[in-house]
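The chain contents come next:
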Amino acid sequence: MDNDSCTADIDEVDDIKIHTEADFEGMRVAGQIAAGCLDMLTEYVQPGVKTIDLDKRAYEYILDHKALPATIGYRGYRHSTCISTNHVICHGIPGTKPLKNGDIANIDVTVIVDGWHGDTSRMFYAGEPKVLAQRLVDTTFEAMWKGIKMVKPGASLRDIGYAIQRHAEAAKFSVVRDFCGHGVGQVFHMAPNVVHYGEFAHGNHKHYAPDTKLKEGMFFTIEPMINVGRPDVKMLKDGWTAVTRDKSLTAQFEHSLAVTKDGFEIFTASPKGLDRPPYSSAS
């Protein structure tokens, strides 16, 4: 679950926490439980399955692993996951509508273990996806990794955003600007905001991603949301669900990671190597 909104022009560098090696270990444990939960769900994402049933399985898995679902009770949210299908960008609420053949879905899970938050999401296919949907999912996964590979001390948040934006737009897709990655650790959402673009124009004004420099010990998520159509977002009346305004398909992947001495460490890597669909071939 990502921040409700992003104000990219604000420099939050004074609020960014630098973590210790002991903090890394706490995040490794939380990250692996969150990633393991998504691994567990892969075999259950099928046509005919209700997303509320996937949410229940996630809840049971999290409790069985002596963790807590961070989203239950967060600003009044009632579920262990967000499950966002087709044109839902993020914060999709699990429900009783069954998945259909060809649906794509993002499942976002955050767990708390000893106060540390493991936050991650992946895309899933219900049955056989259409060619455009598969290309979107592949491009989104690749864009996330373009951003991750920019992470090292001395690089900037803007470098991450440009890398993601260039890859997505080269594929003729657009990057959602209303939501972003965020600092994470013993707090679910904190500085910095990690936007997934380098710059964009709005009217006569250009907006740039923060040029905040990365330092060893920073923890944050990178979680680009990429649309087939325009980047514009519409919020539904439930106060949570964000959809593409033009009803085009959208996709998202998310990892929690740290800046290390010479690069990055992913806390939420799949224990089973189930990084992106189709997961049957990956396993």
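What you see is a predicted model, and the numbers here were worked out from it, not measured in a lab.

Visitor: Hey, could you go over the sheet that holds strand S15 (residues 250-252) for me, with residue numbers and the actual values?
Guide: Spatially, the 3 strands line up as an open sheet ordered S6-S12-S15, and their pairing is antiparallel. The open sheet has two free edges, formed respectively by strand S6 (174-175) and S15, since each of these has just one partner strand. The pairing of S6 with strand S12 (residues 225-227) spans 2 bridges and is antiparallel. In the sheet register, Ser 174 faces S12, and the bridge partner there is Asn 227. Sheet strands in contact with helix H3 (residues 131-148) are S12 and S15, and its direction is about 35 degrees off that of S15.

Visitor: How would you sum up the packing of aromatic side chains? Please name residues and give values.
Guide: Each aromatic ring pair is specified by the distance between its two centres and by the angle formed by the two planes. Throughout the structure, instances matching the rule amount to 9 aromatic pairs. Ring centres of Tyr 77 and Trp 240 lie 5.0 Å apart, and the angle between their planes is 70 degrees; on these two criteria the pair is classed as edge-to-face. Of this pair, Tyr 77 sits in the loop between strand S1 (68-69) and strand S2 (81-85) while Trp 240 is found in the loop between strand S13 (233-235) and strand S14 (242-244), placing the two residues 163 residues apart along the sequence. Per residue, the accessibility class of Tyr 77 equals that of Trp 240, and both read buried. Summarising the aromatic geometry, the rings of Phe 219 and Phe 267 are spaced 5.1 Å apart at their centres and angled 80 degrees between planes, so their arrangement reads as edge-to-face. Linking Phe 219 in strand S11 (residues 219-222) with Phe 267 in the loop between strand S17 (264-266) and helix H5 (279-282), this pair joins segments that are 48 residues apart in sequence. Each member of the pair Phe 219 and Phe 267 is classed as buried. Aromatic ring contacts, followed pair by pair, group Phe 24, Phe 219 and Phe 267 into a single cluster. Sitting over the face of the ring of Tyr 44, Arg 57 holds its NZ or CZ atom 3.7 Å from the ring centroid.

Visitor: Explain unusual backbone geometry residue by residue, including any values.
Guide: That bond from Ala 191 to Pro 192 is cis: its omega, 5 degrees, falls within 30 degrees of zero. Take Pro 192: it is sitting in strand S8 (residues 190-194). Look at the link from Pro 277 to Pro 278: it is a cis peptide, with omega at 0 degrees. Locating Pro 278 in the fold gives a position in the loop between S17 and H5. Unlike most non-glycine residues, Asp 114 shows phi in positive territory, near 50 degrees. For Asp 114, the position within the fold is in the loop between strand S4 (104-113) and strand S5 (116-125). When its relative accessible area of 74% is taken as the criterion, Asp 114 is described as exposed. In this structure, Lys 172 takes a positive phi of about 70 degrees despite not being glycine. Overall, Lys 172 belongs to the exposed group, its relative accessible area being 70%.

Cut-offs and rules
Residues numbered from 1 in each chain as written. Predicted model: local features only at pLDDT ≥ 70, side-chain atom pairs only at ≥ 80, totals over all residues. Heavy atoms only, no water. Pairing = 2+ DSSP bridges. Helix = DSSP H or I, 4+ residues; strand = E, 2+ residues; numbered from the N terminus. Contact = heavy atoms within 4.5 Å. Axes fitted to C-alpha atoms, helices over the stretch in contact; angles between N-to-C directions. Phe/Tyr/Trp six-rings, centres within 6.5 Å; stacked < 30°, edge-to-face > 60°. Buried < 20%, exposed > 50% of the residue type's maximum accessible area, 1.4 Å probe, protein only. Lys NZ or Arg CZ within 6 Å of the ring centre and 35° of its normal.

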